[in-house]
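If you want the building blocks of each chain, they are given just below.
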Amino acid sequence: MFASRGLLRSSRRLVGGISSATRTYVNLSKPSTSVAVLELDRAPVNSLSKEMADAVSAAIKEAEGDDKVQALVLKSSNPKIFSAGLDITEMNNPEVERLEDFWRSIQDLFLTLYGSRLSTVAAIEGHSPAGGCLLAMSCDYRVMTEGENFKIGLNETKLGIAAPYWLKDLFVKTIGNREAELGLGLGKLYSPSEALSVNLIDEVVKNEDVLEVAMKEAETWAKIPPKGRVASKVMLRSEMMDELREKKELDVGWFRDFIMEEGTQKGIDAYLKSLGGKK
Ligand SMILES: CC/C=C\CC/C=C/CC(=O)SCCNC(=O)CCNC(=O)[C@H](O)C(C)(C)COP(=O)(O)OP(=O)(O)OC[C@H]1O[C@@H](n2cnc3c(N)ncnc32)[C@H](O)[C@@H]1OP(=O)(O)O
């Protein structure tokens, strides 16, 4: 399985007898019969551009296409950054049509990952702000590497923007209403131990152990008979997904109007310039 479906540039290789495929922005491999590993690989910070979001969605669908695969580990090629979230340059002085398409790709990525028939385990290596936290929260289980300087959370308000309603809903579902009020309002980024204490993540592990722990967890989920497991996931998640599917174009409009406002643009521009102090 995992043959290219013509969506992505791909090259195939055999690593220790394991078939794996390297593509633009993502690497998909299958280290065991029932578990696939999807590595985010967009330097420098795995930010989600439209193309990156499309590549991740396509790779998830490809893994789902193998009937034997029951679980997926989502990891990063960068041991210090899981994902820096949405590619802010997509929202900085954008062309409107591209901005709308970008948002559709982000919505689709969320629907694909959150609604996957596969059990998904996030191996959160390092920083995971905003859209990175979205990726992690869309999984069934979250393991994060230790290191109190690593942060996860929804910091959108600090950029002068607001998380979309469905990301807010996902946050509330994950950590509860009160903590979400604090987290969203303050744009709080949690250290691994803080994230664990509010149930934003499920485990904190040593950096060198993260993949092994995530794989073990994925194998555990993969052993659960899929019929009941998937039905349970659908019960828990379909309401939210159906609502977004219904409101998709409305949500695109809200996003576009919000981002295109002059004040929002000023905030995004200033934030982007502050990053790394280099721009
Ligand atoms: C109605 C709905 C309305 C709106 C919804 C909008 C939702 C938005 C959700 C989001 O995801 S917004 C993005 C939020 N992300 C962040 O705030 C993270 C920003 N990045 C960082 O904090 C740091 O880069 C890091 C902690 C992840 C890593 O730090 P470090 O290793 O020191 O790297 P640098 O900061 O030097 O960055 C390297 C390089 O990458 C660029 N960059 C970083 N993050 C992004 C990003 N999210 N998008 C685009 N580019 C990013 C950074 O500018 C540097 O570029 P250079 O060219 O200067 O090397």
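Described below are features of the structure shown in this document. Since this is a predicted model, take the numbers as computed values, not measurements.

What counts, and where the lines are drawn
- Every chain's residues receive numbers from 1 upward, in the order its sequence appears when written.
- Reporting in this predicted model follows two pLDDT cut-offs: at least 70 for local features of residues, and 80 or more for side-chain atom pairs to be given and counted; totals over whole chains, interfaces and linings ignore these cut-offs and use all residues.
- Think of it this way: any DSSP run of H or I at least four residues long counts as a helix, any run of E at least two long counts as a strand, and we number them from the N terminus.
- Here a helix's expected span is defined as the number of its residues, less one, multiplied by 1.5 Å.
- The contact criterion used is a C-beta to C-beta distance within 7 Å, with each C-beta placed from the backbone.
- Any set of buried Ala, Val, Leu, Ile, Met, Phe, Trp, Tyr and Cys residues joined through C-beta atoms within 7 Å is what this text calls a nonpolar core.
- Buried residues are those with 20 or more other C-beta atoms within 10 Å of their own C-beta, exposed residues have 12 or fewer, and partly exposed residues lie in between; C-beta atoms are placed from the backbone.
- With axes taken as lines fitted to C-alpha atoms, and helix axes fitted only over the stretch in contact, angles between N-to-C directions fall between 0 and 180 degrees.
- Reported orientations rely on four angle classes, namely roughly parallel under 35 degrees, roughly antiparallel over 145, roughly perpendicular from 65 to 115, and oblique for the rest.
- Crossings are assigned a handedness: left-handed for a near helix turned anticlockwise from the far helix by less than a right angle, right-handed for a clockwise turn.
- Classification used: nonpolar for Ala, Val, Leu, Ile, Met, Phe, Trp, Tyr, Cys and Pro, charged for Asp, Glu, Lys and Arg, polar for all others including Gly.
- One bridge is not enough; two strands pair if DSSP finds at least two bridges between them.

### Topic: helix 7 (residues 210-222)
Across its 13 residues, helix 7 extends 18 Å between first and last C-alpha, which sits within 8% of the 18 Å expected from 1.5 Å per residue. Next to the buried residues of helix 7 lie strand 4 (35-40), strand 5 (71-76), strand 6 (119-124), strand 8 (141-145) and strand 11 (203-205).

### Thoughts on the nonpolar core
Grouped burial of nonpolar side chains is what soluble globular proteins tend to show. In this structure, Leu38, Val73, Val121 and Ile152 are the most contacted members of the largest nonpolar core, which totals 78 residues. Looking at this core element by element, the count peaks at eight residues for helix 1 (residues 50-64). Setting aside chain neighbours within four positions, we find Leu38 in contact with Val26, Leu28, Ala59, Ile60, Ala63, Leu72 and Leu74.

### Concerning the packing of helix 4 (residues 165-175) against helix 5 (residues 177-186)
Their axes nearest at 7 Å, the elements helix 4 and helix 5 cross at an angle of 130°. Accordingly, the angle class assigned to the pair helix 4 and helix 5 is oblique. Helix 4 and helix 5 meet at a crossing whose hand is right-handed. When helix 4 is examined against helix 5, the residues Lys168, Phe171, Val172 and Ile175 are found in contact with a partner set consisting of Asn177, Glu179, Ala180, Gly183 and Leu184. Looking at the contact of helix 4 with helix 5 residue by residue, the classes come out as five nonpolar, two polar and two charged.

### Re the sheet that holds strand 10 (residues 189-190)
The mixed open sheet is built from three strands, whose spatial order is 7-9-10. Unpaired on one side and paired on the other, strand 7 (128-129) and strand 10 mark the two borders of the sheet. Here strand 9 (residues 152-153) pairs with strand 10 via two bridges, running antiparallel. Note on strand 10: the bridge partner recorded for Ile152 is Tyr190.

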